[in-house]
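Here's the letter readout for the chains.
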Amino acid sequence: MEISKKFEHRFIVNFSKYQYLLKELIKRDIKIKYRRSVLGIFWSFLNPLLTMVVLTIIFSAIFSMTIENFPVYFLTGKLVFDFFAQGSKGAMMSIIRNGAIIKKVYVPKYMYSLGVIFSNFVTFALSLIVLFMVMIATHADFTIYILYAILPILLLLMFTIGAGLLLAALTVFFRDIEHLYGVFITMLMYGSAIFYPASIIPQQYQFLFNLNPIYALISLCRDSFLYGQAFNTGTLLYASISSVIILILGIVVFYKYQDKFILNI
Amino acid sequence: MGKSVIKVENVGMQFNLSQEKVDNLKEYVIKMLKRELLFQEFWALKNISFEIEKGDRMGVLGLNGAGKSTLLKIISGVMKPTEGNLEIKGKLVPLLELGAGFDSNYTGRENIYLNGAILGYTKEFLDEKYDEIVEFAEIRDFMDVPIKNFSSGMRARLGFAIATVVEPEILVLDEVLSVGDAKFRQKSEARIMELFDEGITVLFVSHSIEQVKRLCNKAIWLEKGKIVMQGDAEEVCNKYAES
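Because the structure is a prediction, the values reported are computed rather than measured. (Residues numbered from 1 in each chain as written. Chains lettered and ligands numbered in written order. Predicted model: local features only at pLDDT ≥ 70, side-chain atom pairs only at ≥ 80, totals over all residues. Heavy atoms only, no water.)

K.L.:
Quick rundown of the overall build of chain B? Include the residues and the values.
P.N.:
Along the backbone of chain B there are eight helices and nine strands. Counting all 243 residues of chain B, 50% fall into the buried class. Put simply, 71% of the contacts in chain B that link residues at least 6 apart link residues at least 24 apart. Accessible area for chain B stands at about 11,700 Å²; split by element, carbon and sulfur atoms hold 48% of it. When the 32 basic and 38 acidic side-chain charges of chain B are each reduced to a single mean position, those positions are 5 Å apart. (Helix = DSSP H or I, 4+ residues; strand = E, 2+ residues; numbered from the N terminus. Buried < 20%, exposed > 50% of the residue type's maximum accessible area, 1.4 Å probe, protein only. Contact = heavy atoms within 4.5 Å. Areas by Shrake-Rupley, 256 points an atom, 1.4 Å probe, with all protein chains shown as cover. Lys, Arg positive; Asp, Glu negative; His and termini not counted. Charge placed at Lys NZ, Arg CZ, Asp CG, Glu CD.)

Have a look at this one:
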């Protein structure tokens, strides 16, 4: 642990030095999650797949008129939302969970938050395989626009890192945020048009979708995977701006308060 | 005269002691509205200045609550001081709580890599030293067993082996390491003495005047967050013993 420093700028300078730690933390999260389960990593395929099957049976009857390929429509929404929900929740608790070690050894603290988010990102990336399988099974069109999905996925990662760092910092000081956020995530889930078409919501409430950055990211992904069309410029712009703002906000808040974490964990 | 490897200038550490710990939003808002958010300022350390030169073995003496652990945490970089400057040159290894970074669901082998990474070692280094660590901890047969099934002695041995496998330039020790059984304790003491002989710089916190006299050449005496006396270990220890 080279500490010939004056504490400033360790945010960036130390990143390369602790890269190996980040790798180990990501590996740990993934290994521990699936250890002792017979199906192992396949759970990350099976979980969205089974939910999809159940919801397809239930909802395809109701919404079949408005949604052309319900399985793919649902899966894109679910995968994007699950990554955001799991990643931000995990990051929220990352500082508190690692409190014991944070008190003993100096490590850039954001590594613990990033570790959780990236391990969820790996699961997310793997579960895209499920999406492709379902696309093949439902005879969906594979268009060049699928490659465009990299852009919203990157924005999603930025958004999740920002929200995760912000929540991690705040939760250290206010533990009840954990419970508040749980309720918020449920609300967000119902407000992101994951298993219903956005058009069933009355006109006067449509602005809620326009304000919801997660919904914006989901629609961008649907443009790529499902509809095979170019992004809506307005949606893309809104998603990009909100992701950048949240990321910067998360970094600033985390950086500002990280030295006080130790007094509260 | 060697050059100083640890330089502490006017370091102070302030804590806010509130009557009741407010750690949730609900109480915070209520107390804020009722204007009951009172904090008591408390300086755990104040105006601490000293230098440690290369090869020095500095003992830190003081009663409970004198600020010894806070000082160690500041020097090992875990805490950032409220005021003052700190300069540290060289590879610093804290031997504070052994195995604090273990994941209990992980096996011994996996924990070597995880804990090593936390201590800032590289993968190549750990690959190279893996056998040495296992050998020293004497747990070769248990490397694929999850740590939660380890005895506390085995955990501590593994923690000690990982932490001391590097050749640190600065070693920070909190209390004496009473690790494992008598045999292993001897072995760990021997390892620490070996490091001492190599001329590393040591910062050593202890309640025991005997140990400080035996192991250190310099000492600081802390009381209520202030330095009462610093200098030659023998002198400081004698004065401390008198008080």
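K.L.:
Let's hear about the confidence of the model for chain B: which residues, and what values?
P.N.:
Residues of chain B with pLDDT of at least 70 account for 94%, and the chain-wide mean is 84. Within chain B, the element-level pLDDT minimum falls on strand β5 (residues 92-95) of chain B, averaging 79, and the maximum on helix α4 (residues 123-137) of chain B, averaging 92. (pLDDT = per-residue confidence, 0-100.)

K.L.:
Pulling in residues and values, what's your account of the sheet that holds strand β8 (residues 218-223) of chain B?
P.N.:
Residues and elements named next belong to chain B. Strand order in the open sheet made by the six strands is β5-β6-β7-β3-β8-β9, with mixed pairing throughout. With one partner strand each, in any of the chains shown, β5 and β9 (226-232) form the two edges of the open sheet. Strand-to-strand twist in this sheet, taken as the mean axis angle between neighbours without regard to direction, amounts to 15°. Relative to β8, strand β3 (residues 57-61) is paired through four bridges, and the arrangement is parallel. Bridge assignment links G59 to a residue of β8, and that residue is A219. Relative to strand β6 (residues 170-174), helix α6 (residues 182-197) is tilted by about 145°, and along the sheet it contacts β3, β5, β6 and β7 (201-205). (Pairing = 2+ DSSP bridges. Axes fitted to C-alpha atoms, helices over the stretch in contact; angles between N-to-C directions.)

K.L.:
I'd like a rundown of the packing of helix α6 (residues 110-137) of chain A against helix α8 (residues 150-173) of chain A, residues and numbers included.
P.N.:
Residues and elements named next belong to chain A. Closest axis-to-axis distance for the α6/α8 pair is 10 Å, and the angle between their directions is 145°. Seen from above, α6 lies across α8 with right-handed handedness. For the pair α6 and α8, the contacting residues are Y110, S113, L114, I117, F118, F121, F124 and L128 in the first and I153, L156, L157, T160, I161, G164, L165 and A168 in the second. Looking at side-chain class alone, the contact of α6 with α8 contains 13 nonpolar, three polar and no charged residues. (Left-handed = near helix turned anticlockwise from the far one by under 90°. Nonpolar A, V, L, I, M, F, W, Y, C, P; charged D, E, K, R; others polar.)

K.L.:
Describe the pattern of salt bridges, naming the residues involved and giving the relevant values.
P.N.:
According to the stated counting rule, one finds 17 salt bridges over all chains in the structure shown. With its nearest N and O atoms 3.3 Å apart, the salt bridge here joins A:K27 to A:E24. Of this pair, A:K27 and A:E24 both sit in helix α2 (residues 19-34), three residues apart, roughly one helical turn. For B:K80, the salt bridge goes to A:D259, with nearest N and O atoms at 3.6 Å. With one member in each of two chains, B:K80 in the loop between α2 (68-75) and β4 (83-88) and A:D259 in helix α12 (residues 233-261) form a pair that bridges those chains. Take A:D259: its relative accessible area is 24%, and that puts it in the partly exposed class. Through salt bridges with shared partners, a single network forms among A:R28, A:D29 and B:D103. (Salt bridge = Lys/Arg side-chain N within 4 Å of Asp/Glu carboxyl O.)

K.L.:
Report on the interface of chain A and chain B, specifying residues and quantitative values.
P.N.:
A common way to report how large an interface is uses the accessible area buried once the components associate. On the chain B side, the residues contacting the 38 residues of chain A number 45 residues. Surface buried jointly by chain A and chain B totals about 3,500 Å² across both partners, of which 61% is contributed by carbon and sulfur atoms. Put simply, chain A and chain B have three salt bridges between them. Our count for the chain A to chain B interface comes out at five residue pairs in polar contact (both at pLDDT 80 or more). When contributions to the side of chain A that touches chain B are tallied by element, the ones reaching two or more residues are α2, α5 (99-102) and α9 (177-190) of chain A. (Buried area = accessible area lost by both parts, 1.4 Å probe. Polar contact = N/O pair within 3.5 Å; in protein donor to acceptor, adjacent residues only side chain to side chain.)

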